[in-house]
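Analysis of the macromolecular model
Letter by letter, the chains look like this.
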Amino acid sequence: MIIRPRRLRRTSAIRSMVRETSITANDLISPLFVKHGKAVKDPIKSMPGHYQFSVDTLLKEVESERELGIPAIILFGLPETKDETGSISWSDDGIVQRAISAVKDRFPDMVVMTDVCLCEYTSHGHCGVLKGSGVDNDATLELLARQSVSHARCGADFVAPSDMMDGRVAAIRNALDSEGFEQTGILSYAVKYASAFYGPFREAADSTPQFGDRCGYQMDPANRREAVKEAGLDLDEGADIIMVKPALPYLDIIREVRDISLVPVAAYNVSGEYAMIKAAEKNGWIDGTKAMMESLISIKRAGADLILTYFSSEAAALLRDLA
Ligand code: PBG
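Residues numbered from 1 in each chain as written. Predicted model: local features only at pLDDT ≥ 70, side-chain atom pairs only at ≥ 80, totals over all residues. Heavy atoms only, no water.

This paragraph deals with the overall build of the protein. Secondary structure summary: the protein contains eleven helices and twelve strands in total. Against the globule reference of 20 Å for 323 residues, the protein gives a C-alpha radius of gyration of 20 Å, in line with a compact fold. Its C-alpha atoms give the protein principal-axis dimensions of roughly 70 × 45 × 40 Å. Considering only intrachain contacts with a sequence separation of at least 6, the fraction spanning at least 24 residues in the protein is 74%. Here the protein displays about 14600 Å² of accessible surface, and carbon together with sulfur accounts for 51% of that area. Taking the average location of the 37 positive side-chain charges in the protein and that of its 46 negative ones, the two points are 9 Å from each other. (Helix = DSSP H or I, 4+ residues; strand = E, 2+ residues; numbered from the N terminus. Rg over C-alpha atoms; globule rule 2.2 N^0.38 Å. Contact = heavy atoms within 4.5 Å. Areas by Shrake-Rupley, 256 points an atom, 1.4 Å probe, with all protein chains shown as cover. Lys, Arg positive; Asp, Glu negative; His and termini not counted. Charge placed at Lys NZ, Arg CZ, Asp CG, Glu CD.)

And the structure:
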């Protein structure tokens, strides 16, 4: 007798019945870039289909994402001015702060998350304040806490620290609680690798380090045990959701983190992962739509509960059409 697994692959209906993993719009979080101005919608060349929005055009984008059933966005800001400490990042009048207020005002049910980091706001492009040629961990914590409180004050539902400083989840939690924002959540970029796949993002967010690299704070791609350690620390410090980033080259890490976490695990399908599929599709080398869905389902199969992805609108529209 031959064991015949192919029986379960014979028809589309049978395949649907036995499918182990599914994806819905509810799993998706859309990253969006916001800058000053009016009626601005500047294309990001390396990320076809993505734009830097002003607050007014951002609202239109959020409206369409909401109609597609996408529950959440994460905002990245492009400030008008930068300085050594990124001080504009905790101004209640900053660009992200304005965007949060505008979105929550128009669409109170949209879950608004904000990237908390200094790299978009510092003149040197590093994720913290400098001491000598390095980043000063403990001096940075206070600034991240200020930025988080300012986002919370404008109505952010979750702040998402992406700097990889030690102790920042606890520092941010304490600051939020002492300012009365005990309901504001923390989605921590707990396991963030020093990755070449962030290339297009640095163009999109204008956040390239002006010297050196981020290897002194982001993780070494070779390390797996360290991911479990980082995830555990952020859980202990009170993170509500923990994230692994990037996603596709780190599916083993997503699984590892899923297995030790009792809170939801997110994965960030980053700019380079998006750009590669778009570029290959444009050259006629792959079916971009199929590669998109295969990527997203693989990230879920690995154990992610939530996916931050530049594909969210496209995937949600496809899921709606298939339903
Ligand atoms: C840092 C930040 C980065 C990304 C999200 N937050 C860039 C970096 O660490 O260099 C990358 C996201 C992507 O590539 O899509 N604030």
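Picking up after the structure, the text goes on.
A few words now on the site of the ligand. Lining the immediate surroundings of the ligand are 19 residues, of which Lys192, Arg202, Lys245, Ser271 and Tyr310 lie closest. In the environment of the ligand, an oxygen atom lies 2.7 Å from a nitrogen or oxygen atom belonging to the side chain of Ser271. Contributing elements (two or more residues each) for the shell around the ligand: strand S9 (185–192) and helix H6 (199–204). When its residues are assigned to classes, the shell around the ligand shows ten nonpolar, three polar and six charged. (Near = heavy atom within 4 Å. Polar contact = N/O pair within 3.5 Å; in protein donor to acceptor, adjacent residues only side chain to side chain. Nonpolar A, V, L, I, M, F, W, Y, C, P; charged D, E, K, R; others polar.)

Further remarks concern the environment of Val169. Relative to the elements of secondary structure, Val169 occurs in helix H5 (residues 168–178). For the pair Val169 and Ala204, spaced 35 residues apart in the sequence, the C-alpha separation amounts to 26 Å. If near-sequence neighbours (up to four positions away) are discounted, Val169 is found in contact with Ile186, Ser188, Asp234, Glu237, Gly238 and Ala239.

Another point: helix H11 (residues 312–322). What H11 keeps buried is the set Ser312, Ala315, Ala316, Ala317 and Leu319. Residues of H11 that are buried make contact with strand S1 (28–35), helix H2 (55–67), helix H10 (288–302) and strand S12 (306–309). (Buried < 20%, exposed > 50% of the residue type's maximum accessible area, 1.4 Å probe, protein only.)

What follows covers unusual backbone geometry. Put simply, Lys245 and Pro246 share a cis peptide bond, and its omega is -10°. By secondary structure assignment, the location of Pro246 is in the loop between strand S10 (241–245) and helix H8 (251–260). The phi torsion at Ala39 lies on the positive side, around 55°, for a residue other than glycine. A relative accessible area of 61% places Ala39 in the exposed class.

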